[in-house]
Amino acid sequence: MGEVADADPAVAVGVISRCKAELKIPYRTACRARGVSESWFYKWRDRPSTAREMRRQRLAEEVEEIFRGSGGTYGSPKVFIELIRRGWRVSVNTVAKLMAELGVAGRKIRRRQGLTRPGKREAAPDFVRRDFTAAEPDLVWAGDMTEIDTGEGKLYLATVIDLFSRRLLPM
(Lines give C-alpha, C1' and ligand atoms only; values in the text may rest on other atoms or scores of the structure.)
Protein backbone atom coordinates (compact mmCIF):
# COMPACT_ATOMS: atom_id res chain seq x y z
CA MET A 1 0.00 0.00 0.00
CA GLY A 2 3.03 2.28 0.18
CA GLU A 3 2.58 3.17 -3.50
CA VAL A 4 -0.99 4.38 -3.18
CA ALA A 5 -1.65 8.12 -3.20
CA ASP A 6 -5.01 7.69 -1.42
CA ALA A 7 -5.19 6.92 2.29
CA ASP A 8 -8.06 4.50 1.65
CA PRO A 9 -7.22 1.63 -0.74
CA ALA A 10 -10.91 0.99 -1.37
CA VAL A 11 -11.21 4.46 -2.87
CA ALA A 12 -8.29 3.87 -5.21
CA VAL A 13 -9.68 0.48 -6.28
CA GLY A 14 -13.09 2.08 -6.87
CA VAL A 15 -11.62 4.85 -9.02
CA ILE A 16 -9.63 2.39 -11.13
CA SER A 17 -12.65 0.11 -11.54
CA ARG A 18 -14.84 3.05 -12.63
CA CYS A 19 -12.20 4.09 -15.17
CA LYS A 20 -12.47 0.65 -16.75
CA ALA A 21 -16.28 0.42 -16.57
CA GLU A 22 -17.27 3.95 -17.58
CA LEU A 23 -14.38 5.22 -19.68
CA LYS A 24 -13.06 1.91 -21.10
CA ILE A 25 -9.56 2.70 -19.82
CA PRO A 26 -7.48 -0.48 -19.36
CA TYR A 27 -6.55 -1.41 -15.79
CA ARG A 28 -2.84 -1.17 -16.63
CA THR A 29 -3.19 2.48 -17.74
CA ALA A 30 -5.43 3.47 -14.83
CA CYS A 31 -3.07 1.82 -12.31
CA ARG A 32 -0.10 3.63 -13.79
CA ALA A 33 -1.98 6.96 -13.62
CA ARG A 34 -2.87 6.33 -9.95
CA GLY A 35 0.69 5.34 -9.11
CA VAL A 36 -0.04 1.72 -8.11
CA SER A 37 1.03 -1.63 -9.52
CA GLU A 38 -1.43 -3.92 -11.24
CA SER A 39 -0.70 -6.67 -8.70
CA TRP A 40 -1.63 -4.27 -5.88
CA PHE A 41 -4.89 -3.43 -7.65
CA TYR A 42 -5.88 -7.10 -8.16
CA LYS A 43 -4.95 -7.95 -4.55
CA TRP A 44 -7.21 -5.20 -3.16
CA ARG A 45 -10.00 -5.70 -5.69
CA ASP A 46 -10.50 -9.38 -4.91
CA ARG A 47 -10.30 -9.22 -1.12
CA PRO A 48 -13.56 -9.31 0.89
CA SER A 49 -14.78 -6.18 2.63
CA THR A 50 -13.72 -5.81 6.24
CA ALA A 51 -16.17 -5.27 9.10
CA ARG A 52 -14.92 -1.70 9.42
CA GLU A 53 -15.62 -0.95 5.75
CA MET A 54 -19.08 -2.49 5.99
CA ARG A 55 -19.88 -0.43 9.12
CA ARG A 56 -18.62 2.71 7.38
CA GLN A 57 -20.87 1.95 4.39
CA ARG A 58 -23.92 1.47 6.65
CA LEU A 59 -23.05 4.70 8.44
CA ALA A 60 -22.80 6.55 5.11
CA GLU A 61 -26.23 5.23 4.07
CA GLU A 62 -27.70 6.29 7.41
CA VAL A 63 -26.16 9.78 7.13
CA GLU A 64 -27.59 10.23 3.63
CA GLU A 65 -31.02 9.04 4.82
CA ILE A 66 -31.03 11.52 7.73
CA PHE A 67 -29.81 14.32 5.47
CA ARG A 68 -32.50 13.64 2.83
CA GLY A 69 -35.14 13.32 5.56
CA SER A 70 -34.28 16.81 6.79
CA GLY A 71 -34.81 18.28 3.34
CA GLY A 72 -31.09 18.93 2.99
CA THR A 73 -30.97 21.32 5.93
CA TYR A 74 -29.16 19.34 8.64
CA GLY A 75 -25.46 19.90 9.13
CA SER A 76 -23.09 17.51 10.85
CA PRO A 77 -24.09 18.45 14.44
CA LYS A 78 -27.78 17.65 13.89
CA VAL A 79 -26.98 14.52 11.85
CA PHE A 80 -24.70 13.44 14.70
CA ILE A 81 -27.50 13.92 17.27
CA GLU A 82 -29.91 11.90 15.14
CA LEU A 83 -27.34 9.10 14.74
CA ILE A 84 -26.86 8.96 18.53
CA ARG A 85 -30.66 8.71 18.95
CA ARG A 86 -30.67 5.81 16.51
CA GLY A 87 -28.05 3.97 18.57
CA TRP A 88 -24.85 4.70 16.65
CA ARG A 89 -21.58 5.23 18.53
CA VAL A 90 -19.74 7.77 16.42
CA SER A 91 -18.01 11.12 16.92
CA VAL A 92 -19.23 14.42 15.50
CA ASN A 93 -15.92 14.81 13.65
CA THR A 94 -16.40 11.45 11.93
CA VAL A 95 -19.87 12.54 10.81
CA ALA A 96 -18.50 15.86 9.53
CA LYS A 97 -15.72 14.10 7.60
CA LEU A 98 -18.14 11.56 6.15
CA MET A 99 -20.59 14.27 5.07
CA ALA A 100 -17.73 16.10 3.35
CA GLU A 101 -16.74 12.89 1.53
CA LEU A 102 -20.36 12.37 0.46
CA GLY A 103 -20.58 15.98 -0.70
CA VAL A 104 -23.58 16.85 1.48
CA ALA A 105 -23.75 20.01 3.55
CA GLY A 106 -26.61 21.57 5.46
CA ARG A 107 -28.09 24.86 4.35
CA LYS A 108 -27.28 27.85 6.46
CA ILE A 109 -30.38 29.46 7.88
CA ARG A 110 -30.18 33.12 7.13
CA ARG A 111 -31.55 35.28 9.86
CA ARG A 112 -33.73 38.08 8.63
CA GLN A 113 -32.20 41.47 9.18
CA GLY A 114 -34.52 44.29 10.09
CA LEU A 115 -34.97 47.18 7.72
CA THR A 116 -35.13 49.77 10.49
CA ARG A 117 -31.48 49.85 11.46
CA PRO A 118 -29.95 53.21 12.19
CA GLY A 119 -27.94 54.20 9.17
CA LYS A 120 -25.89 57.13 7.95
CA ARG A 121 -28.95 59.06 6.79
CA GLU A 122 -31.21 61.04 9.06
CA ALA A 123 -34.60 59.61 9.96
CA ALA A 124 -37.61 60.94 8.06
CA PRO A 125 -39.46 63.75 9.82
CA ASP A 126 -42.34 62.72 12.09
CA PHE A 127 -45.23 64.84 10.82
CA VAL A 128 -47.87 63.22 13.07
CA ARG A 129 -45.69 63.45 16.19
CA ARG A 130 -46.57 59.84 17.15
CA ASP A 131 -50.29 60.76 17.41
CA PHE A 132 -52.10 58.08 15.37
CA THR A 133 -55.61 59.49 15.70
CA ALA A 134 -57.52 61.58 13.20
CA ALA A 135 -60.57 63.81 13.58
CA GLU A 136 -61.97 63.21 10.09
CA PRO A 137 -61.40 60.96 7.03
CA ASP A 138 -58.49 61.60 4.64
CA LEU A 139 -56.72 63.85 7.12
CA VAL A 140 -53.91 61.52 8.31
CA TRP A 141 -52.56 58.47 6.52
CA ALA A 142 -49.90 56.03 7.71
CA GLY A 143 -47.92 53.52 5.72
CA ASP A 144 -45.78 50.47 6.28
CA MET A 145 -43.67 48.16 4.20
CA THR A 146 -43.00 44.46 4.88
CA GLU A 147 -40.45 42.14 3.28
CA ILE A 148 -41.72 38.62 2.54
CA ASP A 149 -39.25 35.83 1.68
CA THR A 150 -40.60 33.39 -0.93
CA GLY A 151 -39.10 30.46 -2.77
CA GLU A 152 -38.62 32.67 -5.83
CA GLY A 153 -37.12 35.67 -4.04
CA LYS A 154 -38.23 38.58 -1.93
CA LEU A 155 -41.54 40.38 -2.20
CA TYR A 156 -42.29 43.74 -0.66
CA LEU A 157 -45.80 44.55 0.55
CA ALA A 158 -46.60 48.22 1.04
CA THR A 159 -49.80 49.36 2.78
CA VAL A 160 -51.35 52.74 3.46
CA ILE A 161 -54.23 53.20 5.91
CA ASP A 162 -56.48 56.09 6.79
CA LEU A 163 -56.02 56.66 10.52
CA PHE A 164 -59.62 57.84 10.96
CA SER A 165 -61.36 54.72 9.61
CA ARG A 166 -58.38 52.29 9.96
CA ARG A 167 -59.12 50.98 6.45
CA LEU A 168 -56.61 50.27 3.72
CA LEU A 169 -56.55 52.81 0.94
CA PRO A 170 -57.23 51.33 -2.52
CA MET A 171 -54.31 51.60 -4.89
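That block above? That's the structure.
Note that the structure is a prediction, hence the values are computed from the model and not measured.

### What to know about the overall build of the protein chain
At step 1: A tally of regular secondary structure across the protein chain gives six helices and three strands.
At step 2: The principal-axis extents of the C-alpha atoms in the protein chain amount to approximately 95 × 40 × 30 Å.
At step 3: Per-residue burial over the protein chain gives 22% buried out of 171 residues.
At step 4: Residue pairs in contact within the protein chain that sit at least 24 positions apart in sequence constitute 43% of those at least 6 positions apart.

### Re the sheet that holds strand β2 (residues 153-162)
At step 1: An order of β1-β2-β3 is seen for the three strands of this open sheet, with the pairing classed as antiparallel. Each edge of the open sheet is held by one strand with a lone partner, namely β1 (141-150) and β3 (167-168).
At step 2: By the bridge criterion, ten bridges tie β1 to β2 in an arrangement that is antiparallel. From the neighbouring strand, Met 145 faces β2, where its bridge partner is Ala 158.

Here is what the cut-offs are and how they apply
Residues numbered from 1 in each chain as written. Predicted model: local features only at pLDDT ≥ 70, side-chain atom pairs only at ≥ 80, totals over all residues. Heavy atoms only, no water. Helix = DSSP H or I, 4+ residues; strand = E, 2+ residues; numbered from the N terminus. Buried < 20%, exposed > 50% of the residue type's maximum accessible area, 1.4 Å probe, protein only. Contact = heavy atoms within 4.5 Å. Pairing = 2+ DSSP bridges.

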